[in-house]
Amino acid sequence: MKKNLTLICIALLAISVVSCKKDSAVASSDITGNWKFVSIHAKTLTSSQSVVGTDIYKSVSTSDYTTINNTGTFVIDASNFNGTGVSYGVNSTATATLYQNGAVLSTTTNPLVTSVAAFNSTAAYTKVGNDSLYFPSGSAFSGGVTGGGSPSGLKYVMQDDKMILTQSIATSTTNPGTGDVTQISATTVATLQR
């Protein structure tokens with residue numbers, strides 16, 4: 001259960017905390033209007049490293065899934081994403097590998113099954129250029145938390161009647177007491193449809 005909670009938290013973190021890089025892609029349509037929530041595709045990697053005596057232990061967990069049982073809508077105006085009844089589930093697996101001094105000790109694949117209860121959200125945003133959005137108080141996909149979230153950004157592109165929203169994160173934290181290092185990287189792609 002703890003692994004499932006950790007992985008869904010990583011997915012939510014990936015959805016709500018990102019940095020935005022510019023490239024030559026151009027979003028060609030207005031994003032305002034009514035949108036149906038279609039899905040989120042997430043690829044995550046979490047690694048933790050500890051030193052015990054002279055041994056270095058590292059665990060690496062990965063997942064790659066697309067959400068199921070997706071519900072909810074977003075009404076997007078010139079300054080806000082307003083989500084209503086947004087919910088989804090995950091029925092996939094996560095693979096964890098444990099290393100000691102660089103040698104594989106074990107690899108396991110575990111179920112990654114969870115659901116996110118329906119939530120409503122409002123998130124202010126501003127457009128950045130022609131292909132990016134900035135959320136100063138966290139995104140509308142933050143699991144029902146309105147405001148108070150970490151600033152985030154995403155790239156978007158219009159494909160026919162769909163809007164594809166892509167976010168990527170990479171974080172690294174060190175526990176000052178133990179020196180343990182945890183790194184998280186994730187890419188999420190949310191799809192909305194008119």
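Residues numbered from 1 in each chain as written. Predicted model: local features only at pLDDT ≥ 70, side-chain atom pairs only at ≥ 80, totals over all residues. Heavy atoms only, no water.

Chemist: Describe in detail unusual backbone geometry, supporting the description with residues and values.
Modeler: At Asn69, a residue that is not glycine, the phi angle is positive and equals roughly 50°. As for its position among the elements, Asn69 is in strand 3 (residues 68-76). For Asp160, which is not a glycine, the phi torsion comes out positive at approximately 55°. Locating Asp160 in the fold gives a position in the loop between strand 8 (152-159) and strand 9 (162-174). (Helix = DSSP H or I, 4+ residues; strand = E, 2+ residues; numbered from the N terminus.)

Chemist: Kindly report on the pairing of strand 8, identifying the contributing residues and their values.
Modeler: Most of strand 8 sits inside the fold, with six of its eight residues counted as buried. As paired elements, strand 7 (residues 132-135) and strand 8 share four bridges and run antiparallel to each other. Each residue of the ladder has a partner; that of Leu133, found in strand 8, is Leu154. Sheet analysis places strand 8 next to strand 9, joined by five bridges and oriented antiparallel. By the bridge assignment, Tyr156 is partnered in strand 9 with Leu165. Taking the residues that link successive antiparallel strands as the turn, the strand 8-strand 9 hairpin has two residues, and the phi of Asp160 there is positive, at about 55°. (Buried < 20%, exposed > 50% of the residue type's maximum accessible area, 1.4 Å probe, protein only. Pairing = 2+ DSSP bridges.)

Chemist: How would you summarise the pattern of salt bridges if you had to cite specific residues and measurements?
Modeler: A complete count under the given rule lists one salt bridge for this structure. Where Asp131 meets Lys155, a salt bridge forms, and the shortest distance between an N and an O atom there is 2.8 Å. Here Lys155 lies in strand 8 and Asp131 lies in the loop between strand 6 (126-128) and strand 7, a separation of 24 residues in the sequence. The same class applies to Asp131 and to Lys155, which are both buried. (Salt bridge = Lys/Arg side-chain N within 4 Å of Asp/Glu carboxyl O.)

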